[in-house]
Amino acid sequence: MMARKKSEFERAAGILLPVSSLPSNYGIGTMGRCAYEFVDFLKAAGQHYWQVLPVGPTSYGDSPYQSFSAFAGNPYFIDLDTLCDEGLLKKSELDAVKWGEDPSCVDYAQLYAVRFDVLRKAFSRSRHQSEPAYIEFCKDNEDWLPDYCLFMSVKNSFGGVEWQKWDDDIRMRRPDTLAKYRRELADDIEFWSFIQYKFFCQWSALRDYAHEKGILIIGDIPIYISMDSADAWANTDQFWMDEERRPVKVAGVPPDYFSKTGQLWGNPLYRWDVMEASDFAWWRRRISFASRIYDVLRIDHFIGIVRYYAIDADADNAINGEWLQGPSMKLLKAIDEARGATKIIAEDLGEVVPEVRRVQIRSGYPGMKVLQFAFDSDASNVFLPHHHGENFIVYTGTHDNDTTIGLVDNARPAVRRFAREYLGVKRSAQLPEAIIRAAMASVCHTAIIPMQDWLELGTEARINRPAILGGNWEWRMGQGLLTDGLCDKIRKYTLTYGR
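All residue numbers here refer to positions counted from 1 along the written sequence of the relevant chain. Note on the predicted model: pLDDT of at least 70 is required for a residue's local features to be given, and 80 or more for side-chain atom pairs to be given and counted; whole-chain, interface and lining totals, by contrast, use all residues. Excluding hydrogens and water, the side-chain figures rest on all heavy atoms present in the structure.

With respect to topology, four strands assemble into an open sheet ordered 5-4-7-8, the strand pairing being antiparallel. In this open sheet, the two strands that pair with only one neighbour each are strand 5 (263-268) and strand 8 (322-325). When the angles between neighbouring strand axes are averaged without regard to direction, this sheet yields 50°. Whether two strands pair depends on DSSP finding at least two bridges between them. Here a strand is any run of E in DSSP of at least two residues, a helix any run of H or I of at least four, and the numbering for each starts at the N terminus. All axes here are fitted lines through C-alpha atoms, helices being fitted over the stretch that makes contact, and every angle between N-to-C directions spans 0 to 180 degrees.

Structure representation (structure tokens):
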């Protein structure tokens, strides 16, 4: 068992902004000019961290927490202007495409309809196969890239349906069938490999630039992978499935703050006994890979490592699941050995029983304090600043919360009254800024503020509404909002509170 560790973090601050929410001319944020300008803004504002949401390719529902791969990058984030600079696209071709009507909102249906046609044009003009960097990329990622590219190619050949609905021979990965599809879909497989090469070339360049400016990137990895993913299809022995590769139990959480019927996520659950027998080889690969692309890893739903909620695969909601024991310190030992110098954040929100807290403390990983949860009861609320400890990350809110202005606008009178008394302000209109100030002043070593809160935006800028399908993950930051005045304000708060 590991001994309790000293925190690896120093007092600092950062901003939460998904890559998808950056401005761009192409319907969604990319790793292009606006991403570099945001890094410059962070530097000028005295920030140390840029926190992003998972950057994997999104599936049905557009959630970055339901990805076609735990390793691949999102094709939508590839900057098209960069491909123009490389001679793979023409600006006139990009200008002729309709990317969406509203620059403040991602239109995922439109992106799906047009983005891949443009990327295929770039692919048809590329000579990447002879580039030494491409050859090295394929070699460095041979443990996941071939399965992912085959998965996406087969998926396209079946009209995009989930792999559970494919023909039995390919769904069951019979060797002769795999060989047949690799032959028949060779060009499409190469396209998906090209896409990943371009994604990670651009990501590496952006991360290197961030490092030059003293900015570290906090990445978010969901504890679970998507059922409709290359990972589940290619590694079914690692997940709770029957002999026909059908799920037996799936993931979710019981009724809580967000939903009276719980949240039925539908992700396949791990076969922890099988994983432990291999010394958690799959998890080691995942953490090692993520540690190469992020500086800090936020493990979403950390409590699932200690105990997890199992729901029958055919259930209609999450009310009648059962709690089961997870691998706890055994997995954390493997994670520690695989992460190298990369730091870990434990997203410990939800039903935190004493055992979860003990494991989190022994791991040394900081937990989270969310101020939007702090004012709905009384002085005993553990999210209130006087209960904070140094080894935590404090947020005003996360991607699953309303913006802080939206919270205040929609809060019950008793909540607003207690918040005013606690924060020492007279008017509710002063609460959003007071909550930001409380986060920055907290003893928690790291404070992360969502960009929407610094921009003083309301519910219209909310990222996600848990347990509600549709209308999520769409918010985009407008052009020209990163002003000198805002930069000075953030920097002043950062300096005032020693971050």
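A separate point is unusual backbone geometry. Its identity is not glycine, yet D62 carries a phi of approximately 65°, on the positive side. One non-glycine residue, D279, adopts positive backbone phi at about 60°. By the element assignment, D279 lies in the loop between helix 11 (272-277) and helix 12 (281-293). We classify D279 as partly exposed; its relative accessible area is 43%. The classification of residues rests on relative accessible area computed with a 1.4 Å probe and restricted to protein chains. Under 20% of the type maximum is buried, over 50% is exposed, and intermediate values are partly exposed.

Pairing is parallel across the open sheet formed by eight strands, whose spatial order is 9-6-3-2-1-12-11-10. Edge positions in the open sheet fall to strand 9 (343-346) and strand 10 (367-370), since each of these has one partner strand only. Across the sheet, the mean angle from the axis of one strand to that of its neighbour is 25°, orientation sign disregarded. Strands in contact with helix 12 are strand 3 (216-222) and strand 6 (296-300); relative to strand 3, the strand with the most contacts, it is inclined by about 155°. Contact criterion: two residues are considered in contact whenever any of their non-hydrogen atoms come within 4.5 Å of each other.

Here the focus is the packing of helix 5 (residues 132-140) against helix 9 (residues 186-212). For the pair helix 5 and helix 9, interaxial distance at closest approach is 10 Å and the crossing angle is 100°. By the angle class used here, helix 5 and helix 9 are roughly perpendicular. Residues A133, Y134, F137 and C138 of helix 5 form the contact with helix 9, whose own contacting residues are E190, S193, F194, Q196, Y197 and F200. Any residue that is not Ala, Val, Leu, Ile, Met, Phe, Trp, Tyr, Cys, Pro, Asp, Glu, Lys or Arg is counted as polar, Gly included; the first ten are nonpolar and the last four charged. Of the residues in the contact of helix 5 with helix 9, the class split is seven nonpolar, two polar and one charged. Should an angle fall under 35 degrees it is taken as roughly parallel, and over 145 as roughly antiparallel, whereas 65 to 115 is taken as roughly perpendicular and any remaining angle as oblique.

Our next topic: the pairing of strand 11 (residues 392-395). Alternating residues of strand 11 divide into F392 and V394 and I393 and Y395, and every residue in both groups is buried. Pairing of strand 10 with strand 11 involves four bridges; the strand directions are parallel. Opposite V370, over in strand 11, you have Y395 as the bridge partner. As paired strands, strand 11 and strand 12 (residues 446-450) are joined by three bridges and run parallel to one another. Bridge assignment links Y395 to a residue of strand 12, and that residue is I448.

The next subject is the nonpolar core. Membership of the largest hydrophobic core comes to 170 residues, with the highest contact counts inside it found for W50, W203, W283, Y294, I335, M451 and W454. Ranked by residues supplied to this core, first place goes to helix 9 with 12 residues. Ignoring sequence-local partners within four residues, the contact set of I335 consists of W283, I287, I299, I305, I344 and Y365. Throughout this description, the term nonpolar core refers to a set of buried Ala, Val, Leu, Ile, Met, Phe, Trp, Tyr and Cys residues connected via side-chain atoms within 4.5 Å.

What follows covers the pattern of salt bridges. In the sections that follow, a salt bridge refers to a side-chain nitrogen of Lys or Arg positioned within 4 Å of a carboxyl oxygen of Asp or Glu. As enumerated under the stated definition, the model contains 26 salt bridges in all. Taking the shortest distance from any N to any O, the salt bridge between K249 and D312 comes out at 2.6 Å. Residue K249 is located in strand 4 (residues 249-253), and its partner D312 is located in strand 7 (residues 307-312); the two are separated by 63 residues in the primary sequence. Residue classification places K249 among the buried positions, given a relative accessible area of 15%. A relative accessible area of 38% means that D312 is categorised as partly exposed. For the salt bridge of R284 with E337, the shortest nitrogen-to-oxygen distance reads 2.7 Å. Of this pair, R284 sits in helix 12 while E337 sits in helix 14 (residues 329-339), and the two are 53 residues apart along the sequence. For E337, a relative accessible area of 46% translates into the label partly exposed.

Right, let's talk about the side chain of S59 for a bit. Looking at the secondary structure, you find S59 in the loop between strand 2 (49-51) and helix 2 (80-85). Identification of polar contacts relies on pairs of N or O atoms within 3.5 Å, with a donor-acceptor requirement for protein atoms, meaning one able to donate a hydrogen and the other able to accept it, and with residues adjacent in sequence counted only if both atoms are side-chain atoms. A polar contact is formed between the side chain of S59 and the backbone oxygen of Q66, at a distance of 2.8 Å. For S59, the residues in contact, after removing those within four places along its chain, are Q66, S67, F68 and S226.

Joining two cysteines, a disulfide is a covalent bond between their sulfur atoms. For the purposes of this analysis, a disulfide is any pair of cysteine sulfur atoms at a distance within 2.5 Å. This structure, assessed with the given rule, holds zero disulfides. C34 provides the cysteine sulfur closest to C105, a residue in no disulfide bond, and the two sulfurs are 17 Å apart. Using a relative accessible area of 26% as the deciding quantity, one classes C105 as partly exposed. We note that C138 lacks a disulfide partner, and the nearest cysteine sulfur, in C149, lies 7.8 Å from it. Among the residues examined, C138 registers a relative accessible area of 22% and is labelled partly exposed.

The element helix 14 is largely enclosed, with a buried count of eight among its 11 residues. Among the residues of helix 14, those classed as buried are M329, L331, L332, A334, I335, D336, A338 and R339. Where the residues of helix 14 are buried, they touch helix 11, helix 12, strand 6, helix 13 (303-306), strand 9 and helix 15 (354-363). Positive backbone phi, at 65°, marks G340, one or two positions downstream of helix 14.

This part is about the packing of aromatic side chains. Pairs were defined over the aromatic rings of Phe, Tyr and Trp, the Trp ring being its six-membered one, requiring ring centres within 6.5 Å. Orientation was assigned from the angle between planes: stacked under 30 degrees, edge-to-face over 60, tilted for the rest. Throughout the structure, instances matching the rule amount to 47 aromatic pairs. Residues Y76 and F116 carry aromatic rings whose centres are separated by 5.9 Å and whose planes lie at 45° to one another, so their mutual orientation is tilted. Within this pair, whereas Y76 is found in the loop between strand 2 and helix 2, its partner F116 is found in helix 4 (residues 108-125), the two being separated by 40 residues in sequence. Like Y76, the residue F116 is buried in the burial classification. Ring plane angle 50° and centroid distance 5.5 Å describe the contact between F123 and F194, whose orientation is recorded as tilted. One end of the pair, F123, is in helix 4; the other, F194, is in helix 9, and 71 residues separate them in sequence. On the basis of relative accessible area, F123 is assigned to the buried category, the value being 13%. Positioned over the ring face of F392 is K369, at 4.7 Å from the centre of the ring. A ring is considered to have a charge above it if a Lys NZ or an Arg CZ atom is located within 6 Å of its centre and within 35 degrees of its normal.

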